[in-house]
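Working through the structure, step by step
As a plain string of letters, each chain reads:
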Amino acid sequence: MPGALKDHQRTFLDLALESQALRFGSFTLKSGRRSPYFFNLGLFNTGKLLSNLATAYATAIIQSELKFDVIFGPAYKGIPLASIVCVKLAEIGGTKFQDVQYAFNRKEVKTHGEGGNIVGANLEDKKILIIDDVMTAGTAINEAFDIIADAKGRVVGTIIALDREEVVNTDGPASERLSATQTVSQKYDIPVLSIVSLTNVIDYLEGRITPEEKQQIIEYRQTYGV
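About the criteria used
- Residues numbered from 1 in each chain as written.
- Predicted model: local features only at pLDDT ≥ 70, side-chain atom pairs only at ≥ 80, totals over all residues.
- Heavy atoms only, no water.
- Helix = DSSP H or I, 4+ residues; strand = E, 2+ residues; numbered from the N terminus.
- Buried < 20%, exposed > 50% of the residue type's maximum accessible area, 1.4 Å probe, protein only.
- Contact = heavy atoms within 4.5 Å.
- Areas by Shrake-Rupley, 256 points an atom, 1.4 Å probe, with all protein chains shown as cover.
- Lys, Arg positive; Asp, Glu negative; His and termini not counted.
- Charge placed at Lys NZ, Arg CZ, Asp CG, Glu CD.
- Core = buried A, V, L, I, M, F, W, Y, C linked by side-chain atoms within 4.5 Å.

To continue, consider the overall build of the protein chain. From N to C terminus, the protein chain includes seven helices and eight strands. When its C-alpha atoms are laid out on the principal axes, the protein chain stretches across 55 × 40 × 30 Å. Counting every position in the protein chain, which comprises 226 residues, the buried fraction comes to 44%. The long-range fraction of contacts in the protein chain, counting pairs at least 24 apart against all pairs at least 6 apart in sequence, stands at 70%. Summed over its atoms, the accessible surface of the protein chain is roughly 11,500 Å², and 48% of this surface lies on carbon and sulfur atoms. Charge-centre separation for the protein chain: the mean point of 24 positive side chains lies 2 Å from the mean point of 27 negative side chains.

This is how it looks when you write it as structure tokens:
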């Protein structure tokens, strides 16, 4: 039901439509799939949009009650996300979030100065929350796990903006397929949080997208969803 969404989820979806970060049509994804919708978090590119985006992430994190020390943003999109959400948690999360740190990786290891490929907090012996925009095949998250493991940190969860609820591959019976988020959660035994899911999108946009657009999304989900 649309009414089941929380305030931060509704605001996030309203702004995703306003900024055209969420669009409907026909789009070829990196996977080669033809999707009836496309989500580009990079279009949250103004102060207003970024502030509200940070609030949506921070609220989802606070409500999860997950305990962590550092927010880690994989380069590149994760870098601004980690920083703005760290700030927002300090603003709205109360005293227990005042000392949350953030870090991100360089694409290339720095060979001068302090060196290394991690910028920000020291990850050693810290509980890490990975932040990113979406999770399609889990590749970026797997790379982040390796980076954090090398730095002797421990990942306790990850959060994304939109859970596409989409399988990595369509082999095998539909009942046994796992989405990218389910695969990562199962592989690493951690929660994968999201601001919204595709189910939320479909429910909330009832009457705001055409029946044809909704039907295309439903058919796409029947093929690639879980």
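Note that the residue after A75, namely Y76, is joined by a cis bond; omega there is 10 degrees. The topology assignment puts Y76 in the loop between β3 (70-73) and α3 (78-92). Phi is positive for E65, close to 60 degrees, though the residue is something other than glycine. Examined against the element boundaries, E65 turns out to sit in the loop between α2 (47-64) and β3. Relative accessible area serves as the criterion here: at 62%, E65 is assigned to the exposed category.

A separate point is the nonpolar core. F12, L22, L41, F44, Y57 and F68 are the most contacted members of the largest nonpolar core, which has 45 residues in total. When residues in this core are grouped by element, the largest group, seven residues, is from α2. Counting residues in hydrophobic clusters, the runner-up holds 18 residues, among them V70, A121, M135 and I190.

From the geometry alone we can't say anything about function, so treat these as descriptive.
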